[in-house]
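Fold and geometry: a report
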Amino acid sequence: MEHNPLKVMYNEHDVIVKAEKIIEKLENTWEQNPEQYAEKVKKLVEFFREYADGYHHRKEEDVLFPAIKDHPDFVLQEIIEEFETHHEDFREYAAEIVESVEECDYARSYKVLKQYIGDLLDHIAAENDELFVLAESLMDEQQLETIYFKFMDVDMELGESRKKEYEQMITTL
């Protein structure tokens with residue numbers, strides 16, 4: 001299928017997962033260079049807020065989740081609610097990380113960052129293994145293509161070049 005929206009979701013997940021190695025390398029770096037640590041963490045949070053939440057979660061919340069919920073063969077509303085709750089949790093993590101960095105409590109910021117990436121990786125695995133498989137089995141090719149073009153509308157609205165910048169940024173952090 002040429003315009004598969006789930007391929008877009010998988011690709012974005014692959015980009016987001018790159019943050020794990022960056023976070024691992026940050027452990028205790030605030031002891032030698034707190035300013036550099038704070039700067040990298042702020043860039044990571046910006047990436048999570050703008051790319052993971054802004055581009056990716058928005059596609060899920062505004063397009064994919066409603067399409068699944070509205071499908072006549074879909075009966076597990078709780079699964080969508082659980083994923084939406086995860087998205088809210090991630091927003092709270094981001095706020096707590098920023099607050100910790102601003103208070104120069106780097107150990108706490110790192111602890112929350114580790115919790116965030118752990119929960120995010122679990123969330124991504126569940127979406128990859130359950131939600132996207134479910135969506136592909138529920139939707140026919142035309143429905144999937146409609147979702148794909150709605151995803152492209154989100155990217156255009158938020159800025160396709162900006163999205164590419166975030167994809168590059170996460171590889172250079």
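Residues numbered from 1 in each chain as written. Predicted model: local features only at pLDDT ≥ 70, side-chain atom pairs only at ≥ 80, totals over all residues. Heavy atoms only, no water.

Things to note about the layout of surface pockets
Gaps left between atoms show up when a probe the size of a water molecule is rolled over them. Its boundaries defined by the atoms lining it, the largest pocket holds a volume of some 230 Å³. Surrounding the largest pocket, 15 residues form its lining, Ile22, Lys25, Leu26, Lys40 and Leu173 being those nearest its centre. At the level of secondary structure, the elements contributing two or more residues to the lining of the largest pocket comprise α2 (19–26), α3 (34–69) and α7 (160–172). Looking at which element gives the most residues to the lining of the largest pocket, the answer is α2, with 4 residues. Of the residues that constitute the lining of the largest pocket, the class distribution is 5 nonpolar, 6 polar and 4 charged. (1 Å grid on protein atoms, 1.4 Å probe; cavity = no way out; pocket = protein on both sides within 12 Å on 5 of 7 lines; lining within 4 Å. Points joined across faces, edges and corners; volume = space filled by probe spheres on them. Helix = DSSP H or I, 4+ residues; strand = E, 2+ residues; numbered from the N terminus. Nonpolar A, V, L, I, M, F, W, Y, C, P; charged D, E, K, R; others polar.)

Remarks on the nonpolar core
It is characteristic of soluble globular proteins that their nonpolar side chains tend to be buried jointly. Counting residues in each nonpolar core, the largest one holds 34 residues, and the members touching the most others are Leu44, Phe47 and Phe48. Among the secondary structure elements, those contributing two or more residues to this core are α1 (5–17), α2, α3, α4 (77–102), α5 (106–138) and α7. If you tally residues by element for this core, the top one is α3, at 10 residues. (Core = buried A, V, L, I, M, F, W, Y, C linked by side-chain atoms within 4.5 Å. Buried < 20%, exposed > 50% of the residue type's maximum accessible area, 1.4 Å probe, protein only.)

Focus on the confidence of the model for the chain
Looking at the chain as a whole, the pLDDT averages 97, with 100% of positions reaching at least 70. Confidence, read as mean pLDDT per element, is least for α7 in the chain (96) and greatest for α1 (98). (pLDDT = per-residue confidence, 0-100.)

Thoughts on α7
At 3.6 residues per turn, the α-helix brings residues three or four places apart onto the same side. For α7, which comprises 13 residues, the first-to-last C-alpha distance of 19 Å matches the rise-based estimate of 18 Å (1.5 Å per residue) to within 8%. Within α7, burial applies to Lys163, Tyr166, Met169 and Ile170. Taken down its axis, α7 places every buried residue within 115° of arc, on the same side. α7 presents Ser161, Lys164, Glu165, Gln168 and Thr172 as exposed residues on the side facing more than 90 degrees away from its buried surface. Looking at the buried residues of α7, the elements they touch are α1, α2, α3 and α6 (141–158). (Expected span 1.5 Å × (residues − 1). Arc of directions from axis to C-beta. Contact = heavy atoms within 4.5 Å.)

Notes on the packing of aromatic side chains
Taken as a whole, this structure holds 12 aromatic pairs when the rule is applied. Taking 5.2 Å as the distance between ring centres and 10° as the angle between the ring planes, the aromatic pair formed by Phe47 and Tyr51 counts as stacked. Here Tyr51 and Phe47 lie together in helix α3, a separation of 4 residues that amounts to about one turn. What links up through ring pairs into an aromatic cluster is the set Phe47, Phe48, Tyr51, Tyr55, Phe90, Tyr93 and Tyr116. (Phe/Tyr/Trp six-rings, centres within 6.5 Å; stacked < 30°, edge-to-face > 60°.)

Notes on unusual backbone geometry
Phi angles above zero are rare outside glycine, and Asn28 is one such case at about 65°. The phi angle at Cys104 is positive, at roughly 60°, despite the residue not being glycine. Here Cys104 is to be found in the loop between α4 and α5.

Structural notes on the packing of α1 against α5
The geometry of α1 relative to α5 is characterised by a closest axis approach of 11 Å and an angle of 170° between their N-to-C directions. The angle between α1 and α5 falls in the class roughly antiparallel. Contact residues: Leu6, Met9, Tyr10, His13, Ile16 and Val17 in α1; Leu120, Leu121, Ile124, Glu127, Asn128, Phe132, Val133, Ala135 and Glu136 in α5. Broken down by class, the residue content of the contact of α1 with α5 amounts to 11 nonpolar, 2 polar and 2 charged. (Axes fitted to C-alpha atoms, helices over the stretch in contact; angles between N-to-C directions. Parallel < 35°, antiparallel > 145°, perpendicular 65-115°, else oblique.)

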